[in-house]
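# Notes for the structure review
Letter by letter, the chains look like this.
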Amino acid sequence: MAARQTTFTCACFYVDNIFISKYKLHVSYENKTQFISNYAQIEAEIARRRSLGFESLRREAEIRERFTPLHKEVYYLKEDYLDPDFLHIVLQAKTATSIQSVSHLMETLGEGLFRLPVFTKQFCHLLLDELDAIEKSDCPKGRPNSMNKSGILLNEYGFDTYLLGPLRQHYLAPVTSLLFPNSGGICLDSHKAFTVTYGSGHDLDLSCHFDNSEVTLNVALGYDGFSGGHLVFGRMKDELASQDSLKTPLHVEHRTGWGVLHRGGHMHSAEKLLGGKRCNLIMWMRSSAVRNVTCPMCSQPPQLLPTPGADDGFTIQDQGTQITVPRQREVDVCHAL
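In this report, we go over the structure that sits alongside the text. (Residues numbered from 1 in each chain as written. Predicted model: local features only at pLDDT ≥ 70, side-chain atom pairs only at ≥ 80, totals over all residues. Heavy atoms only, no water.)

## Some thoughts on a nonpolar patch on the surface
Threshold: Patch rule: a residue counts if its relative accessible area is over 30% and it has no salt bridge; like charges are joined within 9 Å, and nonpolar side chains (Val, Leu, Ile, Met, Phe, Trp, Tyr) within 5 Å. Using the Shrake-Rupley algorithm and a 1.4 Å probe, accessible areas are obtained, with residue cover drawn only from the displayed protein chains. Salt bridge criterion: a side-chain nitrogen from Lys or Arg within 4 Å of a carboxyl oxygen from Asp or Glu. Strands here are runs of E lasting at least two residues and helices are runs of H or I lasting at least four, both read from the DSSP assignment and numbered beginning at the N terminus. Categorising residues by exposure relies on relative accessible area from a 1.4 Å probe, with only protein chains included: less than 20% of the type maximum marks a residue as buried, more than 50% marks it as exposed, and the intermediate range marks it as partly exposed.
On the surface, Y39, I42 and I46 cluster together to form a nonpolar patch covering roughly 300 Å² of accessible area. Along the polypeptide, Y39 turns up in helix α2 (residues 32-66). A relative accessible area of 48% means that Y39 is categorised as partly exposed.

Below, the structure is given as structure tokens:
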């Protein structure tokens, strides 16, 4: 009888890349202790997300009581803050009947990807001065999201009501209605706005992801002297597997005062900052008409759970009048998040 041939397989076959069919997820598995540790991290993240609304309300109340703005005028939108070319784009968009009527006034970087001037450099410097004062204060600062560790939630410091809300409603809405009519751009009725800061002691880069928004505005505020850190755009999240989402990347540099408009589902990342420091203002603009049908995060009909704090963009049906109304303080979020 011939000797049985010895065959081999890589050790990673037993300890890595285990596929759990129920969740359609690959996990790294080495031993029970390691697996339980990973599960504990998931439980901790779920608990953190469930507490977000309560913690945000607590911070907002403390900030309102303790923080004194350095530049009170920066919290109120003035047309002097807006780039004249942006005002011209908005004016044209209000009467335009096709995307071609305004697209030539901005840079078309790719399909559904546009760059345009938004703020004057003077306003960017004024806002950065205020943000620096916030950063130096001992007031609480919530994480913008689960990926960015540096920056602030702008609603907690009072920027939403008279600055960013009017910006979305009166200036961005006419533009997004033309650029993104099939992605909720014609009915953006809420937003989440925050800053992100990159540099020494802060985040240096950001891995590939998509946003919890229908349309996103990303405005570079400065600082001068930074290098690297370009935005990198790939394909839409539903087009192909996430590991291939940046297979044909498009690199976009930052320009102070200029914003990039893109669909929330457009996969993107931020390259490593090579030097200096930069700060961007991000607005995740949301359409309840779109997300009430399909949650942008789990791609399923939303299963809503009540939560306090900031609005996540969903609305509910008033049972008495059958009128769709937004939830103000006790809002609904998809529990898949």
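## Some remarks on the pairing of strand β14 (residues 277-286)
This is how the line gets drawn: Between any two strands, at least two bridges found by DSSP are needed for them to pair.
Of all ten residues that make up β14, nine are buried, and the element is covered over most of its length. Here strand β7 (residues 215-222) pairs with β14 via seven bridges, running antiparallel. The residue of β14 that forms the bridge with L217 is M283.

## So, the sheet that holds strand β12 (residues 266-270)
For clarity, the threshold we go by: To obtain an axis, a line is fitted to C-alpha atoms, over the contacting stretch when the element is a helix, and the angle between two such axes runs from 0 to 180 degrees between their N-to-C directions.
Strand order in the open sheet formed by four strands is β6-β12-β9-β10, and the pairing between neighbours is antiparallel. Whereas interior strands pair on both sides, the edge strands pair on one side only; in this sheet they are β6 (206-209) and β10 (250-252). Pairwise comparison of adjacent strand axes, ignoring direction, gives a mean angle of 20° for this sheet. In this structure, strand β9 (residues 231-236) lies alongside β10, joined through three bridges in antiparallel fashion. The residue bridging F233 from the neighbouring strand is L250, located in β10.

## Describing the nonpolar core
Rule in force here: Each nonpolar core is a collection of buried residues, namely Ala, Val, Leu, Ile, Met, Phe, Trp, Tyr and Cys, held together in the definition by side-chain atoms within 4.5 Å. Here, residues are in contact when the closest pair of their heavy atoms is within 4.5 Å.
Grouped together as the largest cluster of nonpolar side chains are 50 residues, with contacts concentrated most on F159, L167 and L221. Those elements that provide at least two residues to this core are α3 (84-95), β4 (113-117), α5 (121-136), α6 (160-179), β7 and β14. Among the elements that make up this core, the one with the highest residue count is α6 (eight residues). Not counting residues up to four positions away in its chain, the partners in contact with L167 are L77, L82, F86, F119, L172 and M283. Formed by nine residues, the second largest nonpolar core is a distinct cluster that contains F194, Y198, I282 and W284.

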